[in-house]
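# Analysis of the macromolecular model
In case you want the letters, here they are:
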Amino acid sequence: MRMLISFQNKLIPVYFTTENKQSVQKVLKLLSGTLENKIQTGKRALKKCLNSLISIEIEGSEAILHSKSENDTLALSLY
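Residues numbered from 1 in each chain as written. Predicted model: local features only at pLDDT ≥ 70, side-chain atom pairs only at ≥ 80, totals over all residues. Heavy atoms only, no water.

## Here's the deal with the sheet that holds strand β4 (residues 62-67)
Read across the open sheet, the five strands follow the order β1-β2-β3-β4-β5; overall the sheet is mixed. The outermost strands of the open sheet, each flanked by one partner alone, are β1 (2-7) and β5 (74-77). Each neighbouring strand pair of the sheet contributes to a mean axis angle of 30 degrees, computed without reference to strand direction. Pairing of β1 with strand β2 (residues 10-16) involves six bridges; the strand directions are antiparallel. Looking at the pairing, F7 lines up with K10 of β2. With respect to the sheet, helix α1 (residues 24-41) is in contact with β1, β2, β3 (53-59), β4 and β5, its orientation differing from that of β1 by roughly 30 degrees. Sitting on the sheet, helix α2 (residues 44-51) touches β1, β2, β3, β4 and β5, and the angle it makes with β4 is about 70 degrees. (Pairing = 2+ DSSP bridges. Helix = DSSP H or I, 4+ residues; strand = E, 2+ residues; numbered from the N terminus. Axes fitted to C-alpha atoms, helices over the stretch in contact; angles between N-to-C directions. Contact = heavy atoms within 4.5 Å.)

Here you go:
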């Protein structure tokens, strides 16, 4: 399944499977809150990834953050 979220005035596609036990809205709300928190308090590598974010893939309780540079791709725990 694919959804779009707004992050830093950009629409970012979020891909996830429907087998998640949490509701889609709850996962997206948790993801948005985590991203906003990390852009303010995260380390330089995380901020670099978030500034060039192109898509997010949800796998279980982790969000794989894909950026323009493959070297900046990170995994982020949602819980």
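Having put the structure on the table, let's press on.
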